[in-house]
Structure formats: C-alpha cells, structure tokens
Amino acid sequence: MSDNQAQDPLNFMRNMWGRMGFTLPGMVAPTFDLEELDKRIKDMKAVEGWLRMNLSMLQMTIQGLEMQRTTVSTVQTMSKMAVDAAKSINPAAAEEAAPADPAQSAFSEAAMWPWQMMQQMREQMQQTADAAAQASAESKAEELSGSRKK
C-alpha cells in the first residue's frame, strides 16, 4: 500500500473524496476531455446569461422605483405649493378645504393643481386689469379736472 501511495500521490485524496460522493477530477485536477470542457463552458454560459438577465431586470426595477419616487415627490411638492398659494389668496377657504390626512391631500390635490393654477392666473389677471382700469379712470379724471381748470 505504501508503494501504491508513493507512486500515486493523489491516491489518498481520491479515497477521501470518493467516500464523500465527489470525484477528484471534477474538484481538484483539471480535465483534459474536450467534451467535458465544452459541456462545462456551455453550462457556465447559460448561468452567465441567466445572471445577466436577472441583473438587467433588477436594474430596470430600481429605475422604475426611482422614477416613481421622483414622481410622488414632485406631486407632493406641487400640491404643497398649490395649498400655500391658496392660503395666501384666501386663508379661510384654504383651511376649510384642507383634508386631515396629508398623504390623501397630496394625491387628491395633485389632480386639481392645473385647475387651481388656472384659477390663480385668472384672479391675478383680473386684479391687474382692475388696477389698470382704476389707474386709467384716475388719469382721465385728472385730465378732465386739469382741462376744466384752464
């Protein structure tokens, strides 16, 4: 037995791995069988393709979640801006319209922000037109009173 081990130094390892159910050429020593190598390469490429597919799906999921977070954040910011603008225009009406749940408020008001923005623009234009009409009326009144004095 010692002569057998002296001639084959891996005999001890083969016996140990053989009892565990593993073969030594597959675990330690490289194989020189081309068919076996081709099979391993094919298997490894299949695993690589599967891992790449999972990686790309993971990256797409992360991008989708980032876009969703950005959208929700933007909607909440716009909603807050609309509420603040409404409070600055009419504080009493804004407090009545404000719901108790801020999360519900962000989504319910998000659908209405274009309408609210249009209303704010209409009110600002109306105020500007009223101020211009008043200034025009005052300037005409001054002209009339100035021409009467002459």
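Within each chain, residue numbers correspond to sequence positions counted from 1 in written order. For a predicted model such as this one, the threshold for reporting local features is a pLDDT of at least 70, and the threshold for listing and counting side-chain atom pairs is 80 or more; totals across whole chains, interfaces and linings nevertheless cover every residue. Water and hydrogen atoms were dropped before computing side-chain values, which therefore reflect all heavy atoms in the structure.

Student: Got a sec to walk through the overall build of the chain? Specific residues and values, please.
Tutor: Scanning the chain for helices and strands turns up seven helices and zero strands. Going along the chain from the N terminus, every DSSP run of H or I of four or more residues is numbered as a helix, and every run of E of two or more is numbered as a strand. When its helices and strands are written in sequence order, the chain yields α-α-α-α-α-α-α. We call a residue buried when its accessible area falls under 20% of the maximum for its residue type, exposed when it is over 50%, and partly exposed in between, using a 1.4 Å probe and counting protein chains only. Buried positions account for 10% of the 150 residues belonging to the chain. In this description, contact between two residues means that some pair of their heavy atoms is separated by no more than 4.5 Å. At a minimum sequence separation of 6, the contacts of the chain that also span at least 24 residues come to 47%. Carbon and sulfur atoms make up 62% of the accessible area of the chain, which totals about 12800 Å². We get accessible surface area from the Shrake-Rupley algorithm with a probe of 1.4 Å; when it comes to residues, only the shown protein chains can shield them.

Student: Just give me the short version of the pattern of salt bridges, but keep the residues and values in it.
Tutor: Salt bridge, as used here, is a side-chain nitrogen of Lys or Arg placed within 4 Å of a carboxyl oxygen of Asp or Glu. Tallying each qualifying case throughout the model produces three salt bridges. Its salt-bridge partner being E36, residue R40 comes within 3.4 Å of it at the nearest N-O pair. Here the residue R40 and the residue E36 both occupy positions in helix α4 (residues 34–89), the gap between them amounting to four residues, near one helical turn. The exposure class assigned to E36 is partly exposed, which follows from its relative accessible area of 29%. Between E48 and R52 there is a salt bridge; the shortest N-O distance is 2.7 Å.

Student: An account of the side chain of Q120 is needed here, citing residue identities and associated values.
Tutor: Relative to the helices and strands, Q120 resides in helix α7 (residues 113–149). When residues no more than four places from it in sequence are discounted, the contact partners of Q120 are A82, A85, A86 and I89.

Student: Hey, could you go over the environment of I89 for me, with residue numbers and the actual values?
Tutor: In this fold, I89 is placed in helix α4. The class for I89 is partly exposed, based on a relative accessible area of 42%. Placed 35 residues apart in sequence, I89 and Q124 show a C-alpha to C-alpha distance of 9.9 Å. If near-sequence neighbours (up to four positions away) are discounted, I89 is found in contact with Q120 and E123.

Student: I'd love a proper account of a nonpolar patch on the surface, names of residues and values included.
Tutor: By definition, no residue in a patch forms a salt bridge, and every one has over 30% relative accessible area; like charges are joined within 9 Å, nonpolar side chains (Val, Leu, Ile, Met, Phe, Trp, Tyr) within 5 Å. A cluster of nonpolar side chains, namely V47, W50, L51, M53 and M57, defines an oily patch on the protein surface of about 500 Å² accessible area. Looking at the element boundaries, M53 is found in helix α4. Taking relative accessible area as the criterion, M53 reaches 42% and is therefore assigned partly exposed.

Student: Go over the confidence of the model for the chain, please, and point to the residues and values.
Tutor: Across the chain, pLDDT averages 77, with 67% of residues at or above 70. Taking the mean pLDDT of every element in the chain, the minimum, 50, falls on helix α3 (residues 24–27) and the maximum, 90, on α4. The quantity known as pLDDT measures the predictor's confidence residue by residue, on a range of 0 to 100.

Student: Explain α4 to me, and be specific about the residues and the numbers.
Tutor: What a helix is expected to span follows from its residue count: subtract one and scale by 1.5 Å. Between the first and last C-alpha of α4 there are 82 Å, a value that for 56 residues agrees with the 82 Å anticipated at 1.5 Å per step. Within α4, the full set of buried residues consists of V75, S79, A82, V83 and A85.

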